[in-house]
Amino acid sequence: MAALLAACNGAEKPGATGGRADLLRWGIVADSLDSIDPLTLTSGNNLLATVYDALLTADPKGQLAPGLAESWDTPDPRTYIFHLRKGVTFWDGTGMTSADVVASLDYERLAPSPYESLFVNVKDVTARDANTVVVTLKQADSSVLSLLASVGASIFQKKFYDEHKADFGKPGTLTMATGPYRLDRLNPTEGADLTANPDWWGGKPAIQRVSVKPFKTVTSAALAYRSGQLDAAYPLADPRAFAASSKAKLVKVPGCKQTFMSLNTQVAPWDDVHVRRAFAYALDRKGLAAAEGDGAVTYDSLFPAQVLAKVADKADIDTMIGSLPPYAFDVSKAKEEIAKSSHPGSVKGTFEVPDDGIRPKIAQAIAGMVAKAGIELDVKVLSEAQYTQRVGEGAAKKKIQLTIQRLDCSEEPNTTASYLLDSSQADIAYANYAAYSNPEADKLVNAGISTADRAGRFQAYSALDKLAAQDVPYIPLYLGENVLALSDSFTWPELNPFSSAYGPAAWVAQVKPAS
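About the criteria used
- Residues numbered from 1 in each chain as written.
- Predicted model: local features only at pLDDT ≥ 70, side-chain atom pairs only at ≥ 80, totals over all residues.
- Heavy atoms only, no water.
- Helix = DSSP H or I, 4+ residues; strand = E, 2+ residues; numbered from the N terminus.
- Polar contact = N/O pair within 3.5 Å; in protein donor to acceptor, adjacent residues only side chain to side chain.
- Contact = heavy atoms within 4.5 Å.
- Buried < 20%, exposed > 50% of the residue type's maximum accessible area, 1.4 Å probe, protein only.
- Expected span 1.5 Å × (residues − 1).
- Pairing = 2+ DSSP bridges.
- Phe/Tyr/Trp six-rings, centres within 6.5 Å; stacked < 30°, edge-to-face > 60°.
- Lys NZ or Arg CZ within 6 Å of the ring centre and 35° of its normal.
- Axes fitted to C-alpha atoms, helices over the stretch in contact; angles between N-to-C directions.
- Parallel < 35°, antiparallel > 145°, perpendicular 65-115°, else oblique.
- Left-handed = near helix turned anticlockwise from the far one by under 90°.

Chemist: Can you break down the side chain of Ser 154 residue by residue, with the values?
Modeler: In this fold, Ser 154 is placed in the loop between helix H4 (144-147) and helix H5 (158-163). Within the local environment of Ser 154, its side chain forms a polar contact with the backbone oxygen of Val 151, the two atoms lying 2.7 Å apart. Those residues within four positions of Ser 154 in sequence are excluded, and the remaining contacts are Pro 38, Tyr 52, Asp 53, Ser 104 and Glu 108.

Chemist: Please provide a residue-by-residue account of the side chain of Ser 462, values included.
Modeler: Within the fold, Ser 462 resides in helix H17 (residues 454-471). Given the relative accessible area of 9%, Ser 462 is considered buried.

Chemist: Please provide a residue-by-residue account of H17, values included.
Modeler: If you check H17, its first and last C-alpha atoms are 26 Å apart, about what 18 residues at 1.5 Å a residue would give, namely 26 Å. Residues of H17 that are buried include every one of Gly 456, Arg 457, Phe 458, Ala 460, Tyr 461, Ser 462, Leu 464, Asp 465, Leu 467, Ala 468, Ala 469 and Asp 471, and no others. In this structure, the buried side of H17 is in contact with helix H8 (273-281), helix H10 (305-308), helix H11 (314-322), helix H15 (413-421) and helix H16 (439-450). Sitting at the amino-terminal end of H17 is Asp 453, which places a side-chain oxygen 3.4 Å from the backbone nitrogen of Ala 455. At the exit of H17 stands Val 472, carrying a positive phi of roughly 55 degrees.

Chemist: For unusual backbone geometry, give the residues involved together with the corresponding values.
Modeler: For the bond running from Tyr 234 to Pro 235, omega is 0 degrees, close enough to zero to count as cis. In this structure, Pro 235 sits in the loop between strand S11 (232-233) and helix H7 (239-246). A positive phi angle, near 50 degrees, is found at Ala 435, a position not held by glycine. Along the polypeptide, Ala 435 turns up in the loop between H15 and H16. Among the residues examined, Ala 435 registers a relative accessible area of 0% and is labelled buried. The phi dihedral of Val 472 falls on the positive side, at around 55 degrees, and the residue is not glycine. Within the element layout of this structure, Val 472 appears in the loop between H17 and strand S17 (474-486).

Chemist: Give me the pairing of strand S10 (residues 209-215): which residues, what numbers.
Modeler: Here is the key point about a regular strand: its side chains alternate between the two faces of the sheet. Examined bridge by bridge, strand S1 (residues 23-29) and S10 share 7 bridges and lie parallel to one another. Note that in S10 the partner of Ile 28 across the bridge is Pro 214.

Chemist: Break down the packing of aromatic side chains for me, with residues and values.
Modeler: When we look at a pair of aromatic rings, we describe it by the centre distance and by the angle of the planes. The full count for this structure, using the stated rule, is 16 aromatic pairs. Three or more aromatic residues joined by ring pairs make a cluster, and in this case those are Tyr 107, Phe 156, Phe 160, Tyr 161 and Phe 168. In this arrangement the basic side chain of Lys 213 is found over the ring face of Phe 215, its NZ or CZ atom lying 5.6 Å from the centre.

Chemist: With reference to specific residues and values, describe the packing of H16 against H17.
Modeler: Direction vectors running N to C along H16 and H17 enclose 155 degrees, while the axes themselves pass 8 Å from each other. For the element pair H16 / H17, the angle class is roughly antiparallel. In terms of crossing hand, the pair formed by H16 and H17 is left-handed. Along its contact with H16, which presents Glu 440, Ala 441, Leu 444, Val 445, Ala 447, Gly 448 and Ile 449, the element H17 presents Arg 457, Ala 460, Tyr 461, Ala 463, Leu 464 and Leu 467.

Remember, this is a structural readout, not a statement about activity or role.
What follows is the structure in structure tokens.
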């Protein structure tokens, strides 16, 4: 009878039973948690941000703030000097120095990795002294600070890495870092156990212990939450499905999670701009946003207004976005574009998406829409691990033909520009999925990062946005919210539009027991 009552109580108060104030049980939808190496973890950037620190972080409003670097100087546009925070120690009690920072950044920028495209303008990283790191650029790059706040710039202990190169980050070996939580155990299928770092420079976290468990599906995570086995679930790729199965009351904040189509411009039939435009006209994007739910709204600019806010005022941004070529839902115009193409009779392609709960549903909806315009798609649903392997193949001709891409907004517009539109990234794994190559776009990407003044940067990104709308390597679908499922036994953290882009570090470190 006691067990029955407990089960019933768990159904009534999802996530609120079975836990303790000093333990947060966190669920992540992922195939597995197979590594804590920043270069090889196939799922769970949020876990990386809980374990590792970066030179910079983000404040509650999503703006860049000091992290392991307490301050920095820019004597010239190609030189950034970072002054490290004194007294920072690794979990084993040894002090962090510039040698650790240099070794970490060299590892992440020089080894084949998901982040190599982000470091393309970094020429050198050196230690001036034990507390000073100098980052030298190949050319002026206004986005370097945003890069150094991301999980792609996680800092770990050089000595530990040197002693465990073959097994670094793997279960049994783990890592040595400075983050708010020390990793005690990692099992690919069972999850991870973490303990609060009492000496963290950001202040000891309020929750003493965190257990992280991977779930292969949104439904399995939701049922675990509903039965009281979890206290939190984040990130949520399919909040609507999670809420329906878990009965959870979700915490939402206006976000900027971009969802868009990527069309491989170097593989037929998508190498024909008329086919790509036809695809854009054939999409009922309002219907897709409604299918996503949870506050999703359509957007027309590859650079959402939130991303451009750093370089322009709202009125100017709205005017620019309003001037972009419109692709309103119109099947007849889609058919007209196909008739102009080199494939007037039949358009066929392969559409690959990860099994994250929502993208397979959206992909099937898209396939049904474009079929009315004469575009036949073979939808293939891959496991998260299979999808990661596919997007990691790199070479333009081998890249996925079509996919639904998600990108967490950054306060730095060059993150979007260089990652999606720079031709030098077309053959690199994890970047420029559309394999887009246009000399004019390359000039504008460079202008956006090398121009110092705000107006000049906005001019470059405005022109780049219009060019992308004309060439259609990507089709903006909708913007989503940041959504977190959190038991009422805890108070929720200060999420902001950019929480997922930079060390949501420590969204876990911000959680507190409910009073």
